[in-house]
Protein chains: 4
Amino acid sequence: MANVLIAGATGAMGQKAVDLVNSMANIELTAVLAPHLMSADREQYHLGKNVQVFNSLTDVDPSVADIWLDFTVPSAVYDNVKYALNNDMMPVVGTTGLTDKQETELIELSQQKQLGGLIAPNFGMSAVLLMKFAREAAKYFPDVEIIEMHHADKKDAPSGTALSTAKLIDQVRKSHESNPDETESLAGVRGGDYHGIKIHSVRLPGYIAHEQVLFGGAGEALTIRQDSFDRQSFMSGVKVALEKVGNLDHLVVGLEKIL
Amino acid sequence: MANVLIAGATGAMGQKAVDLVNSMANIELTAVLAPHLMSADREQYHLGKNVQVFNSLTDVDPSVADIWLDFTVPSAVYDNVKYALNNDMMPVVGTTGLTDKQETELIELSQQKQLGGLIAPNFGMSAVLLMKFAREAAKYFPDVEIIEMHHADKKDAPSGTALSTAKLIDQVRKSHESNPDETESLAGVRGGDYHGIKIHSVRLPGYIAHEQVLFGGAGEALTIRQDSFDRQSFMSGVKVALEKVGNLDHLVVGLEKIL
Amino acid sequence: MANVLIAGATGAMGQKAVDLVNSMANIELTAVLAPHLMSADREQYHLGKNVQVFNSLTDVDPSVADIWLDFTVPSAVYDNVKYALNNDMMPVVGTTGLTDKQETELIELSQQKQLGGLIAPNFGMSAVLLMKFAREAAKYFPDVEIIEMHHADKKDAPSGTALSTAKLIDQVRKSHESNPDETESLAGVRGGDYHGIKIHSVRLPGYIAHEQVLFGGAGEALTIRQDSFDRQSFMSGVKVALEKVGNLDHLVVGLEKIL
Amino acid sequence: MANVLIAGATGAMGQKAVDLVNSMANIELTAVLAPHLMSADREQYHLGKNVQVFNSLTDVDPSVADIWLDFTVPSAVYDNVKYALNNDMMPVVGTTGLTDKQETELIELSQQKQLGGLIAPNFGMSAVLLMKFAREAAKYFPDVEIIEMHHADKKDAPSGTALSTAKLIDQVRKSHESNPDETESLAGVRGGDYHGIKIHSVRLPGYIAHEQVLFGGAGEALTIRQDSFDRQSFMSGVKVALEKVGNLDHLVVGLEKIL
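A quick note: this is a predicted structure, and the numbers were derived from the prediction, not measured.

## Quick look at the relation of the copies chain A and chain C
In step 1: Once chain A has been moved 0.0 Å along the axis and rotated by 180°, it coincides with chain C to within an RMSD of 0.1 Å. These values place the two chain copies in the arrangement generated by a two-fold rotation axis. When C-alpha distances to the rotation axis are compared across chain A, the minimum falls at Phe-229 of chain A, with a value of 3.9 Å.
In step 2: Of the interface residues in chain A, 100% have counterparts in chain C that sit at the interface too, so the contact is made through matching surfaces.

As structure tokens, then:
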């Protein structure tokens, strides 16, 4: 039985995390950190009577939990995770915004403390498995392209997940020559190029968040696709993280590393 | 019952056309035009005893057929079709290579003669229907992107069918504003742009010839996809053309126009 | 400029319809019928000051609107539509529950009154276009199977849209022999059979409402797919119906008939 | 450098295997076993001057090769593999038809001899990876259905690969309750049922051999798809097997086990 503190418990993701932890048999929600939460509003946020409410980091009682589950904001996450590690809590972090330098520093701290933890830019199990499988398939199918599809409001392209997928593939695939005679009669039609891996970004209303990795080989094709319809999907990955973080002895980046 | 002459009967497509016509109940193969074919080789090319063999255009007996089915070469097709029309044969043309000027001239000739005919750059019914449906759907879904996928040996991009599809869509869709705030962190990742319609070309070994048209609207998506696995697929469209050409009174470009 | 009364304006679909009509330039919302709506609650339901509120059918002022847009309940729809027609309003009906007999009777009434109208079991444009295109493609591709995919909570199978699609295909495709030697080593694996058209129903959590129609022919395949992510998708079809109902001279069943 | 004997070298698959081995740098083709092959016909079958030709099993010189690559017929495979093992050759077997009893016996023999080997019902890397990934994903997504699509001439359903995939998934997924209230208004529409895993078989002309595994979870979906367009695809898996068989110390069943 592990005890959990949820930082950012009143936000959209934090609330889903509260509901998740409340539904788990082996994990107990013992505290939340939420700047403006008043004790009277507990019920509205699905917090039981025994859950301690802290409004600032400095108030947190370090003995209250084994796991620090963080769904806060970029400006708070570094201090939060450092505090957790320094007080022997295992951080599980869904908040983005850590710099590479901060990440390295926190990993080193976790190694000194021999404390497990997880930083995951994406907790959606379908996206995490897609990345894991794509990396594995690329060993056998060096010819690969990525198509990601998002709602029309997403302004940047490619998506972070598509780029992460390309990076993972690039780490493992054999040196690979693309077709030197290839021509484009319409600029950009062959997509963006990450180390020879073509990425295509589709932006259409109606769509939510989807990614396909297409592998081709002599006489055959393999396609891995994931669809995120709803943020609820993140919670399956958070559950896996809460269950497995106790087995780790340092802070790991990427849920796929612990599957 | 209509009689057909097949020009280019010994080529790969011509041979498939011979087999097709041989299998049709209401159409009879009465002649072929093939430069180097010797009468002794009829059997090898599936030609019956009654099929007349001509080795040059000037030898062709104009009364031998009602329909001129042409699977020859770019250098021959203009003279062939002109000869057919001048001799009251309805041309059905699968050969590419006519210039816009030649096409216009032949259409005018067909109108003077009040003779039906069809020029089809693509006889594959799945591709033809995809284009037809895409054009129709674009009236209701102005937000659309095209993804075409071909074998790695195809050097040019986008494919002719993808570009034709974009042109058809462009003719009908409402004026349409793309996202002005859109940014690419990897050049080309948003695809090629034809009048605001994004086209993405995938080139992978194993793949043959495939096209998808993706439409998105508030809360929904519509996708039309066609796969060409084999040139055999062209014959279904040739069959439709042979059956319908008699209803036309001039030369039409595009099989989708007569469906 | 047409005036619209919305029956069922406070329900989930009715509210979306209110927002739609409020956003249209050539259509004005002049009245609503909603049993329990109090005039004081107008603002909450996005109803302008000039919108008349009726709580029962007998109160409705027949001169208030040209179009009767109905998103009510099965028990009310027949009386509503009859009332609309008898009072020279053109009904646009998204409510299900009319029996075949009632439908026939209402169509006859509309013909006597020479009043246009539309009954649509599905206003999602992607589903409506899928059905239209599937019917058309089946003329050329008699070999077809349907796969529909819905969330795990949907208890019945196949979906209404899948069955409607099969019926439309069945009306047009050539007589068709299935493979008599076919065997199933696992009962049901070849799907449900509607007049020789195989239908497959997938039920999985995460999925929303999706349908694919797969056509196959010699050397090629054509696939039409629609995804409904959100009920918002219905409104695009309602918009088309409101714009086109004025051109009709009787009550039509199926949005695809007027596209 | 390993030496290979190919049994069944003149068959369709055997010929592809000859071409594969001829193209590999570290593997040499030293012999073939082919009942009716005459030495004069070597060239026709792409066999070099130094390749020994045997017409019957009893003639085979056991010192000629390290690896026995078998693409023969069900009636020959058992004797072949036994002979190979007894003569210290590592068998790589693409021939089907071994009974469970024969398979067990050959594995035991390989263990006594401490000889590696591989029996693979499917050498297509896309199919093999699909099965491997499906098994892994099922640990996190217990809700899964399988759709396989084959050409209309395939009489039996489901396909062997689809059933194998279901068996692999069944080994790992958590106990799983299907929807007890589920109803079918068309018998079979929910597919075939293998231990609660639904399988759907599509049979259409044009299609070749394709399989999809669909996973669903709260708010997301993961799909793995493979397409076999051509038997050429088997050779990528044979190549992997030839490269890795030397690392094994007994006969393994299933290419996915050694990836």
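Read on, since the account is not over.
## Some words on the UniProt feature "binding site: (S)-2,3,4,5-tetrahydrodipicolinate" (unreviewed entry) in chain A
Residue and element names in this part refer to chain A.
In step 1: Per the UniProt entry, the sites bearing "binding site: (S)-2,3,4,5-tetrahydrodipicolinate" (unreviewed entry) are His-151, Gly-160 and Thr-161 in this numbering.
In step 2: By relative accessible area, His-151 is classed as partly exposed at 30%.
In step 3: Not counting residues up to four positions away in its chain, the partners in contact with His-151 are Arg-203, Leu-204, Tyr-207 and Ile-208.
In step 4: Within the secondary structure, Gly-160 is located in helix α5 (residues 160-172).

## Some details on the relation of the copies chain B and chain A
In step 1: Expressed as a screw operation, the relation of chain B to chain A combines 0.1 Å of axial shift with a rotation of 180°, fitting to an RMSD of 0.1 Å.
In step 2: Taken as a fraction of all interface residues of chain B, those also at the interface in chain A reach 100%, which identifies the copy contact as same-surface.

## Examining the UniProt feature "domain: Dihydrodipicolinate reductase N-terminal" (unreviewed entry) in chain A
In step 1: Those places that UniProt annotates as "domain: Dihydrodipicolinate reductase N-terminal" (unreviewed entry) correspond, in this numbering, to residues 3-123 of chain A.
In step 2: The annotated region residues 3-123 of chain A carries 32% helix and 21% strand content, and the separation between its end C-alpha atoms amounts to 20 Å.

## Here we look at helix α2 (residues 74-86) of chain B
Residues and elements named next belong to chain B.
In step 1: Within the sequence span of α2, burial applies to Val-77, Tyr-78, Asn-80, Val-81, Tyr-83, Ala-84 and Leu-85.
In step 2: Packed against the buried residues of α2 are β1 (2-7), β2 (27-33), β4 (67-70), β5 (90-93), α3 (100-113) and β14 (251-253).
In step 3: Trailing α2 by a residue or two, Asp-88 shows a phi angle of about 60°, which is positive.

## Describing the domain arrangement of chain A
In step 1: Split into domains, chain A comes out as domain 1 (2-115) and domain 2 (125-229).
In step 2: Measuring from the centre of the C-alpha atoms in domain 1 of chain A to the corresponding centre in domain 2 of chain A gives 34 Å.

## Overview of the interface of chain B and chain A
In step 1: The interface of chain B with chain A comprises 43 residues on the first partner and 43 residues on the second.
In step 2: Taken over both partners, the interface formed by chain B and chain A buries close to 3200 Å², and the fraction arising from carbon and sulfur atoms is 61%.
In step 3: The tally of links from chain B across to chain A stands at zero salt bridges.
In step 4: Among the elements that line the side of chain B that touches chain A, the one with the most residues is strand β11 (residues 197-203) of chain B, at five residues.
In step 5: The class makeup of the residues in the side of chain B that touches chain A is 18 nonpolar, 13 polar and 12 charged.
In step 6: As judged from the two bridges shared by strand β8 (residues 156-157) of chain A and strand β9 (residues 183-184) of chain B, these two strands associate in the parallel manner. Note on β9 of chain B: the bridge partner recorded for Asp-156 of chain A is Thr-183 of chain B.

Cut-offs used in this document
- Think of each chain on its own: its residues are numbered from 1, step by step along the sequence as written.
- Chains and ligands are labelled sequentially in the order written, the chains with letters from A and the ligands with numbers from 1.
- Predicted model: local features are reported for residues with pLDDT of at least 70 only, side-chain atom pairs are reported and counted for 80 or more only, and whole-chain, interface and lining totals are derived from all residues.
- Note: side-chain values were computed over all heavy atoms of the structure, leaving out hydrogens and water.
- Least-squares superposition aligns the copies on the C-alpha atoms of those residues with pLDDT at or above 70 in both.
- A contact between two residues is defined here by any heavy atoms of the two lying within 4.5 Å.
- UniProt positions are given in the numbering used here, feature names are shortened, and annotations may be inferred rather than shown by experiment.
- Residue exposure (1.4 Å probe, protein chains only): buried if accessible area is under 20% of the type maximum, exposed if over 50%, otherwise partly exposed.
- Helix and strand labels come from DSSP, where a helix needs a run of H or I of at least four residues and a strand needs a run of E of at least two; each type is numbered from the N terminus.
- Residue ranges assigned to each domain were obtained from an automatic or database domain assignment.
- Summed over both partners, buried area is the accessible surface (1.4 Å probe) that two parts give up on being assembled.
- Should a side-chain nitrogen of Lys or Arg be within 4 Å of a carboxyl oxygen of Asp or Glu, the pair is scored as a salt bridge.
- Throughout this entry, Asp, Glu, Lys and Arg are counted as charged residues, while Ala, Val, Leu, Ile, Met, Phe, Trp, Tyr, Cys and Pro are counted as nonpolar. The remaining residues, Gly among them, count as polar.
- Pairing between two strands requires that DSSP report at least two bridges joining them.

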